[in-house]
Amino acid sequence: MNTYGSRSTTLVKGDGAYLWDDCGKRYLDGLSGIAVCGLGHNHPQVTQAIQQQAEILLHTSNLYQIESQIALGEKLAVLANMDKVFFGNSGAEANEAAIKIARKYGCDRGVDKPIVITTNNSFHGRTLATLSATGNPKIKTGFAPLLNDFIHVPYNNMDAIIAAANDQVVAIMVEPIQGEGGIQIPDDDYLGKLRSLCDQHHWLLMLDEIQTGNGRTGKYFCYQHSDILPDVVTTAKGLGNGVPIGACLARRHAAEVFAPGNHGSTFGGNPLACSAALATVNTISAAGFLTRVTKLGHWMLATFKEKLAECPHVHDIRGRGLIIGIELNQPCSSLVESAKQQGLLINVTAGNTLRLLPPLILNDEQAETLVDIVVEIVLNFSGDDKQ
Ligand SMILES: *Cc1c(COP(=O)(O)O)cnc(C)c1O
């Protein structure tokens, strides 16, 4: 169906940080399939895990124990400091699980119409519940009636949450950095303040780390830049390096909300997806890997700030690890095509923010090339309609 419009490029092959189209042109990947292929394309450990699992067993259903699911669950729980995990097949499904946990948590406490607080300009998915949670009116138009038990408040604003609080609220759901919303990074103490507020009111703190998880920001999960723990954390995109999988992790009472029959999935956590994800998670969490992501992220951010300091149409440059946004003072979606002509794949989000989500395995030379091309196209940018 016509959900993505017409697309002019067909990518047929990948290797590490590179992709090739059907004409043989090579591109440096500055997007990783939207934060999915953190280990780049055809990563040997992930490919081997998929091959080996495919030769043994693809699928059994969740009516039986699954060895790779248990191994992945245990690994993720340790990395995240969480107690339990539910596996689905996508980000939206991981968030659906989180929203259902919030609902049932409320129900168990006698709240008859449980409300979840979310933020403006958030993105939580395209299913009806996650679309309802999303704070972007543009993508909601035409799909009414949506669920009306979400309250949207400005991001990075505690006063707005305190003002919106009522006795039906059961949870707060936020991205620790807003991805689709334009790489919005909140104040350092935002998560800590959310944690205190949630503790005070017995609300669940639910973090959507679908984009920011799996090493993207230089920690395995973005909340690990602060010293708090959420009650629920969801992740997906980078978890399987391209094999669809999502996870909803929970701690303490949030981990005990579901009982048999409350939730499920036919495909979720199947042997193939879990083997691919286990290889991905093991690689990202191996010693030194995230130190490198942090170092590279610092270098790229500093270099952009230096080289674009005098550029009149750059409004702001921000990032953490390898999620980097360059906000222009006007719409700039034509930069995607300019970059493609130079052999670089990027994305523009929130209309005016050039978004970079390169593979975490980028080497120094590739990082320099990426920065050089981005600086050149931004300096030469003269408005979307003049490109
Ligand atoms: C991509 C994304 C989702 C939705 O994930 P899908 O796999 O597309 O369903 C949800 N939340 C955030 C923060 C995302 O970036």
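Residues numbered from 1 in each chain as written. Predicted model: local features only at pLDDT ≥ 70, side-chain atom pairs only at ≥ 80, totals over all residues. Heavy atoms only, no water.

S.K.: So what about the overall build of the protein chain? Which residues, and what values?
M.R.: Summing up its helical and strand segments, the protein chain has 13 helices and 15 strands in all. Taking the principal axes of its C-alpha atoms as reference, the protein chain extends roughly 60 × 55 × 45 Å. Per-residue burial for the protein chain yields a buried fraction of 55% across its 387 residues. Put simply, of all contacts in the protein chain between residues at least 6 apart along the chain, 71% involve residues at least 24 apart. When the accessible surface of the protein chain is totalled, it reaches about 17300 Å², and 51% of it is carbon and sulfur. Treating the 30 positive side-chain charges of the protein chain as one cloud and the 38 negative ones as another, the clouds have centres 2 Å apart. (Helix = DSSP H or I, 4+ residues; strand = E, 2+ residues; numbered from the N terminus. Buried < 20%, exposed > 50% of the residue type's maximum accessible area, 1.4 Å probe, protein only. Contact = heavy atoms within 4.5 Å. Areas by Shrake-Rupley, 256 points an atom, 1.4 Å probe, with all protein chains shown as cover. Lys, Arg positive; Asp, Glu negative; His and termini not counted. Charge placed at Lys NZ, Arg CZ, Asp CG, Glu CD.)

S.K.: Pulling in residues and values, what's your account of the sheet that holds strand β15 (residues 353-356)?
M.R.: Here four strands make up an open sheet; going across it, the order is β11-β12-β15-β14 and the pairing antiparallel. Because the sheet does not close on itself, it has two edges, and the strands there are β11 (314-320) and β14 (347-349). Strand-to-strand twist across the sheet, computed as the mean angle between neighbouring axes with direction ignored, equals 25°. In terms of strand pairing, β14 meets β15 through three bridges, oriented antiparallel. Bridge pairing in β15 links Val348 to Leu354. Along the sheet, helix α13 (residues 364-380) makes contact with β11, β12 (323-328) and β15, crossing β15 at roughly 170°. (Pairing = 2+ DSSP bridges. Axes fitted to C-alpha atoms, helices over the stretch in contact; angles between N-to-C directions.)

S.K.: Just give me the short version of the packing of aromatic side chains, but keep the residues and values in it.
M.R.: All told, the structure shown has four aromatic pairs when counted by the stated rule. Look at Tyr18 and Trp20: their rings are 6.4 Å apart centre to centre, the planes differ by 50°, and that puts the pair in the tilted class. The pair Tyr18 / Trp20 is uniform in exposure class, with both members buried. Within the aromatic cluster, the residues linked to one another by ring pairs are Tyr220, Phe221 and Tyr223. Between the NZ or CZ atom of Lys13 and the centre of the ring of Trp20, over which it lies, the distance is 4.6 Å. When the ring centre of Tyr18 is taken as origin, the NZ or CZ atom of Arg26, which lies over that ring, is 3.8 Å away. (Phe/Tyr/Trp six-rings, centres within 6.5 Å; stacked < 30°, edge-to-face > 60°. Lys NZ or Arg CZ within 6 Å of the ring centre and 35° of its normal.)

S.K.: Give a detailed account of the environment of Thr266, specifying residues and quantitative values.
M.R.: With respect to the element layout, Thr266 can be found in the loop between α9 (252-255) and α10 (271-284). With 57 residues separating them in the primary sequence, Thr266 and Ile323 have C-alpha atoms 33 Å apart. Discounting residues that sit within four places of it in the chain, Thr266 has contacts with His59, Ser61 and Asn62.

S.K.: Which residues make up the side chain of Arg195, and what are the values?
M.R.: Considering the arrangement of structural elements, one finds Arg195 in helix α8 (residues 190-201). Under the relative-accessibility criterion, Arg195 is labelled buried at 8%. Not counting the four nearest positions on each side in its chain, Arg195 is found in contact with Trp203, Leu205, Ile228, Leu229, Pro230, Asp231, Arg251 and Arg252.

S.K.: Quick one: what's the story with the sheet that holds strand β13 (residues 344-345), residue by residue and with numbers?
M.R.: Spatially, β1-β2-β3-β13 is the arrangement adopted by the four strands of the open sheet, whose pairing is mixed. Sheet topology places β1 (11-15) and β13 at the edges, where each strand pairs with a single neighbour. As paired strands, β1 and strand β2 (residues 18-21) are joined by four bridges and run antiparallel to one another. When the sheet's bridge partners are listed, Leu11 is paired in β2 with Asp21.

S.K.: Could you give an account of the packing of helix α3 (residues 67-80) against α10, naming the residues involved and the relevant values?
M.R.: At their nearest, the axes of α3 and α10 sit 8 Å apart, and the two run at 35° to each other. Crossing hand, α3 versus α10: left-handed. Along the contact surface, α3 presents Ser68, Gln69, Ala71, Leu72, Lys75, Leu76 and Leu79, while α10 presents Pro271, Cys274, Ser275, Ala277, Leu278, Val281 and Asn282. Considered class by class, the residues forming the contact of α3 with α10 number nine nonpolar, four polar and one charged. (Left-handed = near helix turned anticlockwise from the far one by under 90°. Nonpolar A, V, L, I, M, F, W, Y, C, P; charged D, E, K, R; others polar.)

S.K.: Describe in detail the site of the ligand, supporting the description with residues and values.
M.R.: The ligand sits among Ser90, Gly91, Ala92, Asn95, Phe123, His124, Gly125, Glu175, Asp208, Ile210, Gln211 and Lys237. Within the side chain of Lys237, a nitrogen or oxygen atom sits 2.6 Å from an oxygen atom of the ligand. Relative to its unbound accessible area of 390 Å², the ligand is 81% covered by the protein chains. Ranked by the residues each element gives to the shell around the ligand, the list is headed by helix α4 (residues 91-108), at three residues. Of the residues that constitute the shell around the ligand, the class distribution is three nonpolar, six polar and three charged. (Near = heavy atom within 4 Å. Polar contact = N/O pair within 3.5 Å; in protein donor to acceptor, adjacent residues only side chain to side chain.)

S.K.: Residues and numbers for α10, please.
M.R.: Taking 1.5 Å per residue as the helical rise, α10 with its 14 residues ought to reach 20 Å, and the 20 Å between its terminal C-alpha atoms agrees with that figure. Most of α10 is tucked away: 12 of the 14 residues are buried. Looking at α10, one finds that the buried residues are Pro271, Ala273, Cys274, Ser275, Ala276, Ala277, Leu278, Ala279, Thr280, Val281, Thr283 and Ile284. Where the residues of α10 are buried, they touch α2 (44-56), α3 and α11 (289-307). Sitting at the head of α10, Asn270 places a side-chain oxygen 3.1 Å from the backbone nitrogen of Leu272. (Expected span 1.5 Å × (residues − 1).)

S.K.: Explain the domain arrangement of the protein chain to me, and be specific about the residues and the numbers.
M.R.: Put simply, an interface is often sized by how much accessible area is lost when its parts join up. Partitioning the protein chain into structural domains gives domain 1 (11-42 + 288-379) and domain 2 (46-284). Domain 1 and domain 2 are separated by 26 Å when their C-alpha centres are compared. Counting residues at the interface gives 28 residues for domain 1 and 27 residues for domain 2. In total, domain 1 and domain 2 occlude about 2300 Å² of area from one another, counting both sides; carbon and sulfur atoms represent 59% of this. Three residues stand out in domain 1 for area buried against domain 2, namely Leu39, Arg320 and Ile323, and they jointly supply 30% of the buried area on that side. (Domains from an automatic or database assignment. Buried area = accessible area lost by both parts, 1.4 Å probe.)

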